[in-house]
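Listed below are the residues making up each chain.
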Amino acid sequence: MFMHLAKPIYQTPDSQIENTSLEIINVSRRGFVGGATGLTFTLALAACAPKKSESKSKSEAPLPDHSTVESGPLVLISIAADGRTQITNPRSEMGQQVITAVAQMIADELDVEWDKLVIEQAVGDSKYGDQNTDGSTSIRNHINRFRMAGALMRHMLTQAAANEWGVDISECSSKLGTIEHSSGKILTYGDVAKAASKLDVPAEASVTLKRRDQWRYIGKDKPSFTIPDIIHGKGTFGIDVRVPDMVYAVIARPPTVFGKIKTLDDTAALAVPGVTKVMKLPDLQGEVAAFQPLGGVAVIATDTWAAIKGREALNVTWDAGSNANYDSDLYGQELRATARKPGEVKRNRGDVDSAMETAAKKVTADYYAPHLSQAPMEPPAATARWTGDKIECWACTQNPQAARTTVASLCGIPEENVTINVTLLGGGFGRKSKPDYVAEAALIAREVGAPVKVTWTREDDVRHGYFHSVSAQRMEAGLNEDGLPVAVLHRTVFPSINSTFGAADQGSDFELSLGATDSPWNVPNMRVEVGKAEAHIRIGWLRSVANVYHAFAQQSFAAELAHAAGKDQKDYLLDLIGPDREIDLSKDGVIYPNYGASIEEHPLDTARLKSVLDKAASMAKWGRDVPKGHGLGISVHRSFLSYVATAIEVAVDSDGNITFPGVWVAVDAGTVVNPANTKVQMEGGTLYGLSNALYGEITAKDGAVVQGNFPAWRVMRLSEAPHNLEVHIMESDAPPGGVGEPGTPPAAPALANAIFAATGQRLRTLPLLGQKNRLTMAGEG
Amino acid sequence: MAITLKINGKKETVTAAEGTPLLWVLRDHLGLTGAKFGCGVAQCGACTVHVDGAPIRSCITPHEDVEGSEVTTIESANGKVASAIRAAWEELAVPQCGYCQAGQIMSAINLLETNASPSDEDIDSAMDGNICRCATYVRIRKAIMDAAKTL
Ligand code: FES
Ligand code: FES
């Protein structure tokens, strides 16, 4: 009934480990070591530093919770005498099947049978290297060290067998969990595990990684470790954690960021059956919110419902504070006005202004995209338990190390006193990279003197999040006689995520590099500018981040230019991208983090961009006639080092209702570890993008977020999803790109372009079905 | 006030404040965390359980209202239809994060128990109350069709 996260959490059916302990502490090795089998060895491989280029560019990424990759992150693997192989997964599982991917990457080189694998979840600890599960990095930043760890371990097992036989290692080779000698003698990994654990870890140069054609697990559709539990209602999410004698808390937070309690009367709340305590939380300190809790009043009770009812009965008034006047409508108008004025130049090629003057035709467009909430299906939740001056937390966190440092610093204790257990995450989408809710649980548990679970209700999640940034963008182009642009201006204005962590009055170079300064268009004169925008609510990451609004403007505008030129969207887009080449953005003065990867390894490759575009077009049978009220739209975007094109056929009925006869996605993510799951991520990423594009809008009035629960915060439902959604993965042996996020950015512009094709209406304001758009059938608009 | 409920074939005596929704009794009092909290206002379906075989949103159902009824949660939803649904779910790798899936499966079981060969429209209307933020919808549709075929 209770959590025991440190024990192996996932095991394949054939590798049952007799773990009967239900205690919370230190069960990890008991079932494993103490079972019938006895011997085990645990190898902490610290030798596998990431490649230099990665760590260099990683440290350039300006966003504060991208922890710098240190040298020598641990990869923990244990082998029991009976061959069961336990992998400690350092990344957070939120449905992207990272557990499976990590197992594939390690087990491939280790050369061990799949059904011998057992997964243990790592706690948050910098010894594991970068654990922040965001930016679609789990494979692209870690594949080499995971493979190397498996290879080094295999080498040590082989060496141990050679020693046992008194032969040279060159006469021995591994074969799926066994070591064979050329004479035919065989030892199992389990036989030699203990001896191998006493050997020194060899130098990386002493092992050769497998060739691609030798891969057994990488590139194969290995099944999920979590699904067999999920379908039986098993698997522990953050909100499911139970520890003995726990109590339950919900929090009334100030409606505005930096708001404070003015008056509090808790008499009625304390009279609610089950409510045991009401306490004030510390106000936000300093100038920026960062990962701090928002403050407010916690209601503690014997169950979650009593806490919710207690909160309803609170009599609390607030000082709204410095953000009292935030009105997202007025603010949006300001952003739009700013986008019409010159900003700071972040990319410049040629001379846009003089080229514009001589252009045969000028096209301009203003785009707007509102704040969004990540709204993972599982709202934030965390449990904390103090024992003396030590604390143990359980949380659905994408970023357990940030949770650890935040709890330590807010509680004034050393990091070593903080244990962060990572549960399954019921979705994350960037929300759970911020550990404010873990700190809430820690602070409340200390005051209460009992273990506490803090649950966020849906209203809490939607109102008190770290919101996707609102943005206004201005696009201008001068076209020549052939309708191709001689000059393009892209001006983008949005409050930066950096404002959550420090002084920032405009979008950062990092955010601009997500779809604005990295434009792949082959235009002789090009300028990208950023305008000023202060933040008045907490701004944070959301699946694919600034790519969402930048791709929307850029790829909508491409179709607008095609229309102005009287050309086909897809053909025109191919022309805009131009010849096959690797784009050097530094020539145009761009600071380009390239998602933390080296540009040599991951160039901005227009050939790959064009080939996914061609592929999506052919999947959609581009150019065919469609019925009246239908339209085809297309877009293509590179993000997180992967290239994705999306084609959409939309049908708009006479009431302006939208359905999707078909959606086609082509992805080039370089080397793919799990193709089946890559398709799933493309489906999920695409529909996440479509949901936001159609319905997503967070607004604020008097400093407070207006929306609360579904359906005021509207998300896509099953009847609104396409019936036909096809994904094609391009064959590639390029280094891996990201997979969790790149499906999202092209969805919105492909849809807007399809709607234009269907109705003749060009929608430049998101959400497409929001109040500011009134969609009608062709001819009526 | 203590009342006795029949949950997954077992009698359970619970003491919760009057009006406490079944969801929190299951999760906080009985440790049955399979049914999830997603909205608390009957909008998302994550909390779906069966009461006398019919799906209900446990987040808005006062626990005393199900006294004398048979409550079944994902943890012990069994039988031919449940097995077929689970097999199709696993085969098509429907769940992503999995958080909504207990609710999805409970709704899908009821659909196939009452309608052995549902149309697209039947699936839309039976499943529209179950939100999935990972957007597993396309596979849910297909898995229900596949499960129906095996029955
Ligand atoms: S939690 Fe019951 S319907 Fe959402
Ligand atoms: S699988 Fe994640 S919410 Fe449905």
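Since the structure is predicted, the reported quantities are computational estimates derived from the model, not experimental observations. (Residues numbered from 1 in each chain as written. Chains lettered and ligands numbered in written order. Predicted model: local features only at pLDDT ≥ 70, side-chain atom pairs only at ≥ 80, totals over all residues. Heavy atoms only, no water.)

> Describe in detail the interface of chain B and chain A, supporting the description with residues and values.
Contact with chain B, which involves 51 residues of that partner, is made by 60 residues of chain A. Here chain B meets chain A over a buried area of about 4600 Å², counting both sides, of which 60% is carbon and sulfur. Linking chain B with chain A are 3 salt bridges, by the criterion used here. On inspection of chain B and its partner chain A, the count reaches 23 residue pairs in polar contact (both at pLDDT 80 or more). For the side of chain B that touches chain A, the secondary structure elements donating two or more residues are α1 (22-29), α2 (80-91), α3 (101-114), α4 (120-127) and α5 (137-150) of chain B. Among the elements that make up the side of chain B that touches chain A, the one with the highest residue count is α5 of chain B (5 residues). When the residues that make up the side of chain B that touches chain A are grouped by side-chain class, the tally is 26 nonpolar, 13 polar and 12 charged. (Contact = heavy atoms within 4.5 Å. Buried area = accessible area lost by both parts, 1.4 Å probe. Salt bridge = Lys/Arg side-chain N within 4 Å of Asp/Glu carboxyl O. Polar contact = N/O pair within 3.5 Å; in protein donor to acceptor, adjacent residues only side chain to side chain. Helix = DSSP H or I, 4+ residues; strand = E, 2+ residues; numbered from the N terminus. Nonpolar A, V, L, I, M, F, W, Y, C, P; charged D, E, K, R; others polar.)

> Help me get a handle on the sheet that holds strand β8 (residues 186-188) of chain A, residues and values and all.
All names here are of chain A. Ordered by their spatial adjacency, 3 strands build an open sheet running β6-β7-β8, and the pairing between neighbours is antiparallel. What marks the edges here is a single partner per strand, and that holds for β6 (172-175) and β8. Across the sheet, the mean angle from the axis of one strand to that of its neighbour is 25 degrees, orientation sign disregarded. In the sheet, β6 pairs with strand β7 (residues 178-181) via 4 bridges, with the strands oriented antiparallel. Along β7, the bridge assignment pairs C172 with H181. Across the sheet, helix α5 (residues 189-197) touches β6, β7 and β8, and the angle it forms with β8 is around 70 degrees. (Pairing = 2+ DSSP bridges. Axes fitted to C-alpha atoms, helices over the stretch in contact; angles between N-to-C directions.)

> So, the domain arrangement of chain A: which residues are in play, and what are the values?
Residues and elements named next belong to chain A. Taken domain by domain, chain A holds domain 1 (3-230), domain 2 (238-322 + 380-455) and domain 3 (328-372 + 466-776). Between the C-alpha centres of domain 2 and domain 3 the distance comes to 37 Å. At the junction of the two partners, domain 2 supplies 15 residues and domain 3 supplies 15 residues. Summing both partners gives a buried area of about 1200 Å² for domain 2 against domain 3, and 63% of it is carried by carbon and sulfur. Among the residues of domain 2 in contact with domain 3, V288, F429 and K434 are the three that bury the most area, contributing 42% of the side total. (Domains from an automatic or database assignment.)

> Can you lay out the pattern of salt bridges for me, pointing to particular residues and giving the numbers?
For the structure shown, the criterion picks out 44 salt bridges over all chains. Among the ionic pairs, R404 of chain A bridges to D125 of chain A, the shortest N-O distance being 3.8 Å. Pair noted here: R404 of chain A is in helix α11 (residues 400-411) and D125 of chain A is in the loop between β5 (117-121) and α4 (143-165), with a separation of 279 residues, a long-range link. Note on accessibility: R404 of chain A and D125 of chain A belong to one class, buried. One salt bridge in this structure joins D240 of chain A and R27 of chain B, with 2.9 Å as the shortest N-O distance. One end of the pair, D240 of chain A, is in the loop between α6 (227-230) and β9 (247-252); the other, R27 of chain B, is in helix α1, on a second chain. As far as burial versus exposure is concerned, D240 of chain A and R27 of chain B are alike and both buried. Taken together, the shared-partner salt bridges connect R340, K362, D366, R474 and E476 of chain A into one network. (Buried < 20%, exposed > 50% of the residue type's maximum accessible area, 1.4 Å probe, protein only.)

> How would you sum up the domain arrangement of chain B? Please name residues and give values.
Residue and element names in this part refer to chain B. Each assigned domain of chain B is listed here: domain 1 (2-74) and domain 2 (80-150). Relative placement of domain 1 and domain 2: their C-alpha centres are 21 Å apart. Residue-level contacts link 17 residues of domain 1 with 13 residues of domain 2. Taken together, the two surfaces of domain 1 and domain 2 that pack against each other cover about 1200 Å², and 56% of this comes from carbon and sulfur. Joining domain 1 to domain 2, the criterion identifies 0 salt bridges. Inspection of the domain 1/domain 2 interface yields 7 residue pairs in polar contact (both at pLDDT 80 or more). Within the residue set of the side of domain 1 that touches domain 2, elements represented by two or more residues are β3 (48-51) and β4 (54-57). Its residues assigned to classes, the side of domain 1 that touches domain 2 comprises 7 nonpolar, 8 polar and 2 charged.

> I'd love a proper account of the packing of α3 of chain B against α4 of chain B, names of residues and values included.
Residues and elements named next belong to chain B. The contact between α3 and α4 brings their axes to 10 Å, and the two run at 135 degrees. The angle between α3 and α4 falls in the class oblique. The two elements α3 and α4 meet at a crossing, and its hand is right-handed. Only D122, I123, A126 and M127 of α4 make contact with α3, whose side of the interface consists of Q104, S107, A108 and L111. (Parallel < 35°, antiparallel > 145°, perpendicular 65-115°, else oblique. Left-handed = near helix turned anticlockwise from the far one by under 90°.)

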